[in-house]
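Structural overview for review
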Amino acid sequence: MNSSIALKGMACSAFDQIADAILIVDKTGAIRHANASAIQLFGYDTKEFYGLPIEVVRGPKHSAALRNQIIAQVSAGETWRGCLEFRTKSGAFGTHDTVISPFRDSSGNIVGMVSCNRDISVDNALVDENASILEAVRSSNFGVTIADATQPDLPLTFANRAFERMTGYGFRDIVGQNCRFLQGEDTDKAAVANIRRAIRHEEPLSTMLLNYRRDGTRFWNRLQLSPVHDSRGQLQAYMSVQIDITHDMTTLTVERERQKMEQLGLLASGIAHELNN
């Protein structure tokens, strides 16, 4: 008897320690139990929460048709999975990844449902933010490439359309290659050495060097290179922003511009900062 009571106590404790918000709802749609995560997520006190209709935590996008679909599926003994908009007591909205299963009594009869909810609001916001950043990179007028720093020789894994237009190389032609194919006979060896040193030390760099297009014509490239680290600080990639400044260049301004650019890394560092965070 005591072991049975202890086991029930352990089960209740485990239920409350589950990170996902769990609601037990009866056949009338009333909330009958909620774990600690659900109380915290939805913002209700335990006493006021119990007995409320499950609809109080559903957002305005939760239509009657969807509600009926979920009820029908669970009543048939099946599990429903999907994303639902939720609403807290304070009126805030979010999205949770939800699994709703039949709740059965000791005889196996369905007497309600169990709703297990994981808040993915932050995940969705990050996805939206990253998608916006990626689209900005793709449509930028500046050439942008990304090289995989976890692989030998930094093979290219991304090049935007502006890079293709600027260099004449299609991404399919260069994927997996190191970006040194842009270098040629008159590319400044000192500038190349500075790039290698920055890569070795995982540092951002801004410089200027003479590069070659696919057809062999030369152009002055204002290069801004920046390392990209993951949340643990591990180097994952190098991103470079490349700007064709040939029409701005004269022999007299080359060295002056190079010295100026070696002091500036704002663009590449700024975008890499967004990717790092």
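So, here's what we can say about the structure. Being a predicted model, the structure only gives us computed values, none of them experimental.

Moving on to the sheet that holds strand E6 (residues 143–148). Spatially, E7-E6-E10-E9-E8 is the arrangement adopted by the five strands of the open sheet, whose pairing is antiparallel. Strand pairing shows two members of the sheet lacking a second neighbour, strand E7 (156–159) and strand E8 (205–212), which therefore form its edges. Neighbour to neighbour, the strand axes of the sheet diverge by 25 degrees on average, direction disregarded. Two elements, E6 and strand E10 (residues 235–244), share six bridges in a ladder whose sense is antiparallel. Residue pairing across strands places glycine 143 opposite glutamine 242, the latter belonging to E10. Packing against the sheet, helix H8 (residues 189–200) makes contact with E8, strand E9 (218–229) and E10, and its axis sits at approximately 135 degrees to E8.

Looking at where leucine 209 falls in the secondary structure, it is placed in strand E8. With eleven residues separating them in the primary sequence, leucine 209 and tryptophan 220 have C-alpha atoms 5.9 Å apart. Here leucine 209 is in contact with Thr187, Ala191, Val192, Ile195, Phe219, Trp220, Asn221 and Leu223, once residues within four sequence places are set aside.

For the structure on display, the rule yields four aromatic pairs. Plain terms: the ring middles of phenylalanine 42 and phenylalanine 49 are 6.0 Å apart, the flat faces sit at 50 degrees to each other, and that makes the pair tilted. What makes phenylalanine 42 buried here is its relative accessible area of 0%. Residue phenylalanine 49 is classed as buried on the basis of its relative accessible area, which comes to 0%. Arranged with centres 4.9 Å apart and planes meeting at 0 degrees, the rings of tyrosine 44 and phenylalanine 49 form a pair that is stacked. Given the relative accessible area of 12%, tyrosine 44 is considered buried. Feature note: the residues Phe42, Tyr44, Phe49 and Phe86 constitute an aromatic cluster, connected by ring pairs.

With eight of eight residues buried, E8 is to be regarded as a mostly interior element. Residues Leu205, Thr207, Leu209 and Asn211 of E8 are buried on one face, and the alternating residues Ser206, Met208, Leu210 and Tyr212, pointing to the opposite face, are buried as well. Relative to E9, E8 is paired through eight bridges, and the arrangement is antiparallel. Residue pairing across strands places tyrosine 212 opposite arginine 218, the latter belonging to E9.

Another aspect to go through is the nonpolar core. By size, the foremost hydrophobic cluster in this structure holds 22 residues, and its most contacted members are Leu23, Phe42, Phe49, Val57, Ile70 and Ile100. Going through the elements one at a time, strand E1 (21–26), strand E2 (31–34), helix H2 (36–42), helix H4 (64–75) and strand E3 (80–87) are the ones with two or more residues in this core. With four residues, the top contributor of residues to this core is H2. Aside from chain neighbours lying at most four places away, what touches phenylalanine 42 is Ala21, Leu23, Phe49, Val57, Phe86, Arg87, Thr88, Lys89 and His96. Counting residues in each nonpolar core, the second largest holds 21 residues, with Val192, Phe219, Leu223 and Leu225 among its members.

With that settled, consider H4. Between its first and last C-alpha, H4 extends 16 Å over twelve residues, near the 16 Å set by a 1.5 Å rise per residue. Within H4 the residues assigned to the buried category are Leu66, Ile70 and Val74. The buried residues of H4 occupy an angular sector of 60 degrees when projected down its axis, which confines them to one face. Residues of H4 that are exposed and point over 90 degrees away from its buried face: Ala65 and Ser75. On its buried side, H4 packs onto E3, strand E4 (93–104) and strand E5 (110–119).

Taken together, the five strands give an open sheet; going across it, the order is E2-E1-E5-E4-E3, and neighbouring strands pair in antiparallel fashion. The sheet terminates laterally at E2 and E3, the two strands that pair on one side only. Adjacent strand axes in the sheet meet at a mean angle of 30 degrees when their direction is disregarded. Where E1 meets E5, six bridges bridge the pair, whose relative direction is antiparallel. Note on E5: the bridge partner recorded for valine 25 is methionine 113. Against the sheet, H4 makes contact with E3, E4 and E5, and its axis sits at roughly 140 degrees relative to E3, the strand it touches most.

Basis of the calculations
Residues numbered from 1 in each chain as written. Predicted model: local features only at pLDDT ≥ 70, side-chain atom pairs only at ≥ 80, totals over all residues. Heavy atoms only, no water. Pairing = 2+ DSSP bridges. Helix = DSSP H or I, 4+ residues; strand = E, 2+ residues; numbered from the N terminus. Axes fitted to C-alpha atoms, helices over the stretch in contact; angles between N-to-C directions. Contact = heavy atoms within 4.5 Å. Phe/Tyr/Trp six-rings, centres within 6.5 Å; stacked < 30°, edge-to-face > 60°. Buried < 20%, exposed > 50% of the residue type's maximum accessible area, 1.4 Å probe, protein only. Core = buried A, V, L, I, M, F, W, Y, C linked by side-chain atoms within 4.5 Å. Expected span 1.5 Å × (residues − 1). Arc of directions from axis to C-beta.

Geometric descriptors of this kind do not, in isolation, establish any biological role.
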